[in-house]
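Residues per chain, in single letters:
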Amino acid sequence: MLGLDPPLEVWGLHGAERLYPDGRRQLEQAPPATQAKLQELREFLQRDSLGGLFEDKANGVVMHWRGVSRRKAEQIERRTRELFEPMARMEGLTLLDFEAGIELRVGRNKGGAVEAIVAEAGQQGPVAYLGDDLSDEAAFGAINRLGSRGLSILVRREQRETAAQLWLRPPSELKGFLERWIEAGN
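Described in the following lines is the structure provided in the data block. (Residues numbered from 1 in each chain as written. Predicted model: local features only at pLDDT ≥ 70, side-chain atom pairs only at ≥ 80, totals over all residues. Heavy atoms only, no water.)

## A word on the environment of Q165
Turning to step 1, where the next piece is worked out: Secondary-structure assignment places Q165 in the loop between strand 9 (150–155) and strand 10 (166–168).
Turning to step 2, where the next piece is worked out: Remark: the alpha-carbon pair of Q165 and E74, spanning 91 residues in sequence, is separated by 31 Å.
Turning to step 3, where the next piece is worked out: Among the polar contacts listed, one links the side chain of Q165 to the side chain of N144, at a separation of 3.4 Å.
Turning to step 4, where the next piece is worked out: A polar side-chain atom of Q165 sits 2.8 Å from the main-chain amide nitrogen of S152. (Helix = DSSP H or I, 4+ residues; strand = E, 2+ residues; numbered from the N terminus. Polar contact = N/O pair within 3.5 Å; in protein donor to acceptor, adjacent residues only side chain to side chain.)

Written out as structure tokens, the structure is:
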């Protein structure tokens, strides 16, 4: 462990994985039949990545197409959806769109993680969520449902349509916000 006081709790894989301060790890799992189909898909994509970049995660499979031509990206996305969408109907699996990719996954999304964290923390203090991707929209929504206690912030160079309440350009605006947040907390 890092020896931090208090010890950190870490959430990963968009909320499907949780590492507790005592070192325990929790990973959401799909039913066995769904896991078997997901493993078949992993093996297929290891042989044929459909022209994209295949990423194998503990709770799913991901196809990326960032950096390729628009035409090739459209081909990769179409072929990936043909594979992923029927499987997303299986118990325990969902599709997650993000910028330049799709993930077929098991477990909660970032919004579900925010809801779980807030529920466990109780009604004390303000809560902020900062994110940059389409996959952060579920978390922005969860924060927004907290009312005046929550603050959702899109952090990226260009603004886009979002549920976030604020937009910050990195790095200077982000740095300024974090400095003020820490100051307010003290």
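## Points about the environment of L38
Turning to step 1, where the next piece is worked out: Mapped onto the secondary structure, L38 falls in helix 1 (residues 32–47).
Turning to step 2, where the next piece is worked out: Judged by relative accessible area, L38 falls into the buried class, the value being 0%.
Turning to step 3, where the next piece is worked out: The contact partners of L38, leaving out residues within four places of it in the chain, are N59, G60, V61, M87, L93, L104 and V106. (Buried < 20%, exposed > 50% of the residue type's maximum accessible area, 1.4 Å probe, protein only. Contact = heavy atoms within 4.5 Å.)

## Regarding the pattern of salt bridges
Turning to step 1, where the next piece is worked out: For the coordinates displayed, the defined rule picks out 23 salt bridges.
Turning to step 2, where the next piece is worked out: With a closest N to O distance of 3.5 Å, E28 and R108 form a salt bridge. Taken as a pair, E28 in the loop between strand 3 (25–27) and helix 1 and R108 in the loop between strand 7 (101–106) and helix 3 (110–121) lie far apart in primary sequence, 80 residues in all.
Turning to step 3, where the next piece is worked out: Note that E158 is salt-bridged to R156, the shortest N-O span being 3.8 Å.
Turning to step 4, where the next piece is worked out: The network of salt bridges with shared partners includes E99, E137, R156, E158 and R160. (Salt bridge = Lys/Arg side-chain N within 4 Å of Asp/Glu carboxyl O.)

## What to know about the packing of aromatic side chains
Turning to step 1, where the next piece is worked out: As enumerated under the stated definition, the model contains two aromatic pairs in all.
Turning to step 2, where the next piece is worked out: When the centroid spacing of 5.7 Å and the interplanar angle of 80° are considered together, the rings of Y129 and F140 count as edge-to-face. Of this pair, Y129 sits in strand 8 (residues 127–131) while F140 sits in helix 4 (residues 137–144), and the two are eleven residues apart along the sequence.
Turning to step 3, where the next piece is worked out: Given the relative accessible area of 16%, Y129 is considered buried. (Phe/Tyr/Trp six-rings, centres within 6.5 Å; stacked < 30°, edge-to-face > 60°.)

## Considerations on unusual backbone geometry
Turning to step 1, where the next piece is worked out: Going from P170 to P171, the amide bond is cis rather than trans, its omega being -5°.
Turning to step 2, where the next piece is worked out: In the Ramachandran plot, L13 falls in the positive-phi region, its phi being about 50° despite a non-glycine side chain.
Turning to step 3, where the next piece is worked out: With respect to the helices, strands and loops of the structure, L13 is situated in the loop between strand 1 (10–12) and strand 2 (17–19).
Turning to step 4, where the next piece is worked out: Of note in this structure, H14 is not a glycine but carries a positive phi near 60°.
Turning to step 5, where the next piece is worked out: Along the polypeptide, H14 turns up in the loop between strand 1 and strand 2.
Turning to step 6, where the next piece is worked out: In this structure H14 comes out as buried when scored by relative accessible area, which is 17%.

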